[in-house]
Amino acid sequence: MDDLDYIKYKDKKILEHENLCKRCGACCGVQDKDPCEHLKAFESNKYFCDIYENRFGLRKTVSGQEITCVPIRNILHKTWWGRSACSYIKYGDIS
Ligand code: SF4
Ligand code: SF4
């Protein structure tokens, strides 16, 4: 596999991984009733992050509580509301 093929392969895998997410918002606190202030609804029970490209780091919830946004793989082994419904748990994909 040459460099270009590898980049294409990697991009495809990243896209496949991203597409597993069903945008339920659980990892951003939607089921806690005090989600991250950057979590926005775009249709019924579907959400997006309004700073997705720069999301990691110290953030605040709607009520002003400090939270730290981390890659999903960093919290899959922890306990949080909605974890069992997360696609990455269901499909066993924690890459
Ligand atoms: S900043 Fe992080 S926790 Fe907040 S909505 Fe975006 S992805 Fe979720
Ligand atoms: S809990 Fe899982 S499926 Fe739901 S938005 Fe977060 S990463 Fe996506």
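Computed from a prediction, not measured in an experiment: that's the story for all the values here.

S.K.: Just to check I follow, could you spell out the pattern of salt bridges for this structure?
M.R.: Oppositely charged side chains may form a pair once their charged atoms are brought near each other. Here the structure, examined in full by the defined rule, presents three salt bridges. When the shortest N-O distance is used, the salt bridge between Glu-16 and Lys-12 registers 3.3 Å. Residue Glu-16 and its partner Lys-12 are both found in helix α1 (residues 3–20); the two are separated by four residues, about one turn of the helix. Since its relative accessible area comes to 36%, Glu-16 is described here as partly exposed. Among the residues examined, Lys-12 registers a relative accessible area of 49% and is labelled partly exposed. As a salt-bridge pair, Lys-40 and Asp-50 come within 3.7 Å of each other at their nearest N and O atoms.

S.K.: Just to check I follow, could you spell out the site of ligand 1 for this structure?
M.R.: Lining the immediate surroundings of ligand 1 are Cys-28, Cys-36, His-38, Leu-39, Cys-49, Ile-51, Arg-55, Arg-59 and Cys-69. Among the residues making up the shell around ligand 1, the classes are represented as six nonpolar, one polar and two charged.

Rules used throughout
- Residues numbered from 1 in each chain as written.
- Chains lettered and ligands numbered in written order.
- Predicted model: local features only at pLDDT ≥ 70, side-chain atom pairs only at ≥ 80, totals over all residues.
- Heavy atoms only, no water.
- Salt bridge = Lys/Arg side-chain N within 4 Å of Asp/Glu carboxyl O.
- Helix = DSSP H or I, 4+ residues; strand = E, 2+ residues; numbered from the N terminus.
- Buried < 20%, exposed > 50% of the residue type's maximum accessible area, 1.4 Å probe, protein only.
- Near = heavy atom within 4 Å.
- Nonpolar A, V, L, I, M, F, W, Y, C, P; charged D, E, K, R; others polar.

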